[in-house]
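Chain by chain, the residues run as shown.
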Amino acid sequence: MPMDNITDKTASTLLGKKVSTSDKYDSSLLVAVPRFENRVRYEIDNENLPFVGWDVWHAYEFSVMTKNSFPVTRVMKIRYKCSSPFIVESKSLKLYLNSFNMSCFGSTTEECLTICKETIEKDLSNVLQTEVEVEFLSNDIKRVEIFSNFKNIMDFVNESEVKITQFKESPKLLEVIKAGDVSEHYLMFDSLRSNCRVTHQPDFGDVFIYYKSSKIVDCTSLVKYLVSFRSEYHFHEECCEMIYKRLYDILDNNDELFVCALYTRRGGIDICPARWSHGVNVEDVKSLINLSTFARCGIKQ
């Protein structure tokens, strides 16, 4: 079977089909999709990744009940490393989390959430063959400004002089300028648009790019490149890795690079993949890597 067909067949296990909401907790609803197939296409060595990072999911509508049917609703954060062999298919995750809606766990809210946390971590870890972290965010959590030091790349581009004609991803669109000194760049693009690999429905998001290099990526070329995703069909995680890999290829090997894509929520869940180079100081970008501040709602843990 061709490589793409394996992923598409796996991912479409539940997509495009009428599926009734489960009245009780059901871990069998989870579907895993292999990462390696798309990485092969873009020459990303799955055994020697040029980056580290996380995939972070925010489920805004998680709901469950205690044993006396007292409702408990929270925003839930799920996080696992990009080195895992699989990603979780989004509709299967939605159906799985919805199976908690009419299920009852624990005598108190705290006990209920503890049981759910342990159960979801175990189920996802087993399916994805990696350690998965789950955290429930309290309803009174503070809201903060996100990515305050990133500047909108569109502010550095002359709209009247830019003509965009390429809508399929192409690294040839990217251009670099050699600079004399090493400098840091914090860029944001708020018009990322790609399409779901299986459903072909549009996905919208913001991209945040940090790099430290003696090279400067031409902003006009970067805008053209990011716009070229509008006719691409990929999972969120794949788009993030593709953007990272293309920038990695045109910068120097020892340069620092960080790419994070914050997609808008669909079906109550958003996906926020982040990838960064091995040279990035984790402490310097700790708030970025944590990602709990990066949901569009501005929630801080």
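Heads up: the structure comes first, above all this text.
None of these values were measured; they are calculated from a predicted model. (Residues numbered from 1 in each chain as written. Predicted model: local features only at pLDDT ≥ 70, side-chain atom pairs only at ≥ 80, totals over all residues. Heavy atoms only, no water.)

J.: Would you explain the packing of helix α3 (residues 90–98) against helix α4 (residues 109–128) in this entry?
T.: Packed helices, taken two at a time, are described by the angle between their axes plus the distance between the axes. Put simply, α3 and α4 touch, their axes get as near as 12 Å, and they point 150 degrees apart. Taken together, the axes of α3 and α4 are roughly antiparallel relative to one another. Relative to α4, the crossing made by α3 is right-handed. Within the contact between the two elements, α3 uses Leu93, Tyr96 and Leu97 and α4 uses Thr119, Ile120, Asp123 and Leu124. The class makeup of the residues in the contact of α3 with α4 is five nonpolar, one polar and one charged. (Axes fitted to C-alpha atoms, helices over the stretch in contact; angles between N-to-C directions. Helix = DSSP H or I, 4+ residues; strand = E, 2+ residues; numbered from the N terminus. Parallel < 35°, antiparallel > 145°, perpendicular 65-115°, else oblique. Left-handed = near helix turned anticlockwise from the far one by under 90°. Contact = heavy atoms within 4.5 Å. Nonpolar A, V, L, I, M, F, W, Y, C, P; charged D, E, K, R; others polar.)

J.: Looking at this model, I keep getting lost on the pattern of salt bridges. Mind explaining?
T.: Any two side chains of opposite charge can pair if their charged atoms end up close together. In this structure the tally under the stated criterion is 13 salt bridges. Lys168 is the salt-bridge partner of Glu232, the closest N and O atoms lying 4.0 Å from each other. Taken together, the residues span a long stretch of sequence, with Glu232 in the loop between α5 (219–227) and α6 (236–250) and Lys168 in the loop between β6 (151–152) and β7 (176–195) at a distance of 64 residues. Counted as one network, the salt bridges with shared partners bring together Arg35, Arg39, Asp55, Glu241 and Arg275. (Salt bridge = Lys/Arg side-chain N within 4 Å of Asp/Glu carboxyl O.)

J.: What's the story with the sheet that holds strand β2 (residues 52–65) in this structure? I'm lost.
T.: What holds strands together in a sheet is hydrogen bonding between their backbones, with the strands either parallel or antiparallel. Pairing in this open sheet of eight strands is mixed, and the strands run β5-β3-β2-β10-β9-β8-β7-β6 from one edge to the other. Pairing within the sheet leaves two strands with one partner each, and these edge strands are β5 (133–137) and β6. Packing against the sheet, α3 makes contact with β2, β3 (71–81) and β10 (269–276), and its axis sits at approximately 35 degrees to β2. Contacting β7 and β8 (202–217), α5 runs over the sheet at an angle of about 25 degrees to β7. (Pairing = 2+ DSSP bridges.)

J.: Sorry if this is basic, but what is going on with the packing of aromatic side chains here?
T.: Aromatic ring pairs are described here by two measures, namely the spacing of the ring centres and the angle between the planes. In the structure shown here, the tally under the stated rule is 14 aromatic pairs. Arranged with centres 6.4 Å apart and planes meeting at 80 degrees, the rings of Tyr25 and Phe105 form a pair that is edge-to-face. Residue Tyr25 is found in the loop between α1 (3–11) and β1 (32–34), and its partner Phe105 is found in the loop between α3 and α4; the two are separated by 80 residues along the sequence. Exposure remark for Tyr25: the relative accessible area of 28% places this residue in the partly exposed category. Aromatic pair Tyr96 and Phe100: ring centres 5.3 Å apart, planes at 90 degrees, arrangement edge-to-face. The burial state of Tyr96 is the same as that of Phe100; both residues are buried. Among the aromatic side chains, those forming a connected cluster through ring pairs are Tyr25, Phe62, Tyr96, Phe100, Phe105 and Phe136. Above the ring of Trp54, the side-chain terminus of Arg79 is found at 4.3 Å from the ring centroid. Here Arg265 stacks its cationic end above the ring of Tyr60, 3.6 Å away from the centre of that ring. (Phe/Tyr/Trp six-rings, centres within 6.5 Å; stacked < 30°, edge-to-face > 60°. Buried < 20%, exposed > 50% of the residue type's maximum accessible area, 1.4 Å probe, protein only. Lys NZ or Arg CZ within 6 Å of the ring centre and 35° of its normal.)

That's the geometry; what it means functionally is another story.
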